[in-house]
2 protein chains.
Amino acid sequence: MIDILLVDDDLELCELLVEFLGSEGYRVTAVNDGLEGVETALSRNFGIVLLDVTLPKLNGFEVLRKIRQQSQVPVLMLTARGDDVDRIVGLEIGADDYLSKPFNHRELVARMKAILRRVNSPDESDRTRRKVLEMDDLSLNLANHEVLLGETVLDITATEFVVLKTLIEKSGELVTRDELTQVALNRRLMLHDRAIDMHVSNLRRKIGNKPDGRPRLKTVRGSGYFYIAD
Amino acid sequence: MIDILLVDDDLELCELLVEFLGSEGYRVTAVNDGLEGVETALSRNFGIVLLDVTLPKLNGFEVLRKIRQQSQVPVLMLTARGDDVDRIVGLEIGADDYLSKPFNHRELVARMKAILRRVNSPDESDRTRRKVLEMDDLSLNLANHEVLLGETVLDITATEFVVLKTLIEKSGELVTRDELTQVALNRRLMLHDRAIDMHVSNLRRKIGNKPDGRPRLKTVRGSGYFYIAD
DNA sequence: GCTGTAGTTGACAAATTCTTTACGGGATAT
DNA sequence: ATATCCCGTAAAGAATTTGTCAACTACAGC
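So, here's what we can say about the structure. Since this is a predicted model, take the numbers as computed values, not measurements.

A separate point is the protein's contact with DNA strand D. The local shell around DNA strand D holds 22 residues, among which Thr219(A), Arg221(A), Gly222(A), Tyr225(A) and Thr219(B) are the closest. For DNA strand D, the fraction of protein-proximal atoms (within 4 Å) that sit in sugar or phosphate groups is 45%. A distance of 2.5 Å separates a phosphate oxygen of DNA strand D from a polar atom in the side chain of Thr219(A). Within the side chain of Arg221(B), a nitrogen or oxygen atom sits 2.9 Å from a base oxygen of DNA strand D. Class assignment of the residues belonging to the surface near DNA strand D gives a composition of four nonpolar, eight polar and 10 charged.

Take a look at the structure:
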C-alpha cells in the first residue's frame, strides 16, 4: 500500500483526490498549507508527495526546497498555470514531474506511476537496464512489449503483458488478485470483479504449458496466482 | 573570422558591442527584436548568438526555442535581472551559457571563447554533429532536414522529421505517444490529443513500407509506436 | 490583405481490448 | 454429505483506442 501526501489549499480538490486515489488503492493524507506540508512530509515515510505550487504560509517551491534538504521522497508538482517557467524551476529544484491544473485524474495516476517506476527501478542508466525478461521458453521484450514463445511472437494485449511480466518477475511467489488488478488494471479489486481472472485465463491459453507439459501458472484458491519456478 | 549575431533591443548596448567585438576581431550582426532574431539566426551560419531575454515581439526564451528546433548554433543568453530563474530556464531550453547585465566586456569575450572552445572540441563534435541518420532505405540529413527514400527526396514537415528521427534513433523500442508529443510538439500529451497520431499517419503515408513490403512503424496499442528494426 | 503550408481538432468507422454475465465444476467448510 | 465459495472460461456487451478524412486555425511569405 502506497502512502500519498497531498499538499493543497483547495479543499474541494483535496476531497475529490482523497476519494479518487483511495479508490485506486492508495492511502492519502491531505494537508492544506506549506508549513504543514513540510512537517508532514518529513514526519512519515510517504511514497510520493503531490505538491501544489500556490500555497499559504510557504509556497510550493519553498516547501520542495525544505523537503529536499532532508528527503529524497518523490515529488509531483501541481500548478494552476500551464507555465513552462514554473515547470522548469520546479524540476530544477528537484521535483520529479509536473502537472498543470486542471488535470485529469487518470493522468495524475499515470504520472505518479511513471515516477514511482523510475524511482524504484534499480538502475537508471540506459545501457545496463534490462530490456528483456526471460523465463523458461518465454522472452518478454520490455522495450517494445513483444513476447516470444520460443521463436514465435505471441499476440498479447498490453494488460496481459503486464500481468505476465508481474508474475514472472515474482515467479515462485504468490501474487494476489488484488495486486495484479492494481498493477495491470489501475484499480482496486472490487466485489465480483472477475476481470483479472479473465486476463489470466486468456494468458494461459496464449502461453500454453511449459516445454515439459506442466502448466506455467498456478492458482492459489482464495488468494491469487503464481508462475511456477523450477 | 567568426560571425556573431547579437539580438537585443537596447540600441546603445548594440552599438557599443558592435564596436568592441569588432575591435576584438569578430564580425557582428545586430538585430533588435525576437522575430528578426530567429529569422537571422537561421538564415546564416553564425558562430554564436548573443541573445537578450527581454525582447519585443518574441522573448528570448521563445527565440531560443525556435532556433533550437532547427539549429545547434551556440547561444549565450543575456539578461537584465540577476535572476536565477531566468538562468535556469535558459539553460534548460538549450542555452550554452548565461550572463547577467550589466556585464564586463572582457567577461563576455571570455565566456564566448569558453563556449566556442567547448563546442569545437573534437570529441564532442563528431558525436553530436553526425550529419546523416540512416535506416533501411531511408536517409535523414540532420543538417538540413532532408529525408531521402532511396534516391528521391521526400516532402516532410519539420514535425514529421523530428518524429521520424526519434523513432529511428530508438528503433526497435517503443516510444510512447507522450514522449513523441514532448519531443516533436514541445508540449505534453493532453486528453483527447490526437495530433501525434496524425503526424504518424502522415508519416506512414509518405515513407511507405520497407523494401520487402513490411510496414516500418508498428503501433503498440495503449502505449505508442516503434520503428521495426531487423 | 491574400495564399499556401503546417498543425490541430472533431467526427466517425473499424479494430481491438476489457468487463460483465452466466454457468459449470472442483475445492472447502460445516 | 452437501452447501457454499471460488475459479475457469465461453459468450456477449461495453468501452477504449487508433486510422484517417476533412474542416478549421495559425501563421509566415508574398
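The rest of the description comes next.
Moving on, we come to the sheet that holds strand E7 (residues 138-141) of chain A. Either a parallel or an antiparallel arrangement is found when strands of a sheet pair, and the pairing is made through backbone hydrogen bonds. Residue and element names in this part refer to chain A. The antiparallel open sheet is built from four strands, whose spatial order is E6-E7-E8-E9. Where the open sheet ends on each side, the last strands, each with one partner, are strand E6 (132-135) and strand E9 (152-154). Strand-to-strand, the axes of this sheet are offset by a mean angle of 25°, without reference to chain direction. Bridge count for E7 against strand E8 (residues 146-149) is four bridges, and the pairing is antiparallel. Within E8, the position partnered with leucine 138 by the bridge is leucine 149. On the sheet, helix H6 (residues 158-169) packs against E6, E7 and E8 and is oriented at approximately 120° with respect to E7.

What follows covers the pattern of salt bridges. Residues and elements named next belong to chain A. Evaluation of the coordinates by the stated rule reveals 36 salt bridges over all chains. For lysine 210, the salt bridge identified is with aspartate 136, shortest N-O distance 3.0 Å. One end of the pair, lysine 210, is in the loop between helix H8 (195-207) and strand E11 (217-220); the other, aspartate 136, is in the loop between E6 and E7, with 74 residues separating them in the sequence. The exposure class assigned to lysine 210 is buried, which follows from its relative accessible area of 4%. Each of Asp136, Lys210, Asp212, Arg214 and Asp230 takes part in salt bridges that share partners, so that together they form one network.

With that settled, consider the protein's contact with DNA strand C. As a matter of local geometry, DNA strand C sits amid 19 residues, with Thr159(A), Arg187(A), Arg221(A), Thr157(B) and Thr159(B) nearest to it. Near the protein, within 4 Å, the atoms of DNA strand C are sugar or phosphate in 72% of cases. A distance of 3.1 Å separates a phosphate oxygen of DNA strand C from a polar side-chain atom of His199(B). Taken together, the elements giving at least two residues each to the surface near DNA strand C come down to H8 of chain A together with helix H9 (195-207) of chain B.

Right, let's talk about the packing of helix H2 (residues 34-43) of chain B against helix H3 (residues 60-70) of chain B for a bit. Residue and element names in this part refer to chain B. Contact geometry for H2 and H3: axes closest at 9 Å, N-to-C directions at 20°. By the angle class used here, H2 and H3 are roughly parallel. Considering the relative orientation of H2 and H3, their crossing is right-handed. Note on element contacts: H3 touches H2 through Val63, Lys66, Ile67 and Gln70, opposite Gly34, Val38, Ala41 and Leu42. Its residues assigned to classes, the contact of H2 with H3 comprises five nonpolar, two polar and one charged.

Cut-offs used in this document
- Residues numbered from 1 in each chain as written.
- Chains lettered and ligands numbered in written order.
- Predicted model: local features only at pLDDT ≥ 70, side-chain atom pairs only at ≥ 80, totals over all residues.
- Heavy atoms only, no water.
- Near = heavy atom within 4 Å.
- Polar contact = N/O pair within 3.5 Å; in protein donor to acceptor, adjacent residues only side chain to side chain.
- Nonpolar A, V, L, I, M, F, W, Y, C, P; charged D, E, K, R; others polar.
- Pairing = 2+ DSSP bridges.
- Helix = DSSP H or I, 4+ residues; strand = E, 2+ residues; numbered from the N terminus.
- Axes fitted to C-alpha atoms, helices over the stretch in contact; angles between N-to-C directions.
- Contact = heavy atoms within 4.5 Å.
- Salt bridge = Lys/Arg side-chain N within 4 Å of Asp/Glu carboxyl O.
- Buried < 20%, exposed > 50% of the residue type's maximum accessible area, 1.4 Å probe, protein only.
- Parallel < 35°, antiparallel > 145°, perpendicular 65-115°, else oblique.
- Left-handed = near helix turned anticlockwise from the far one by under 90°.

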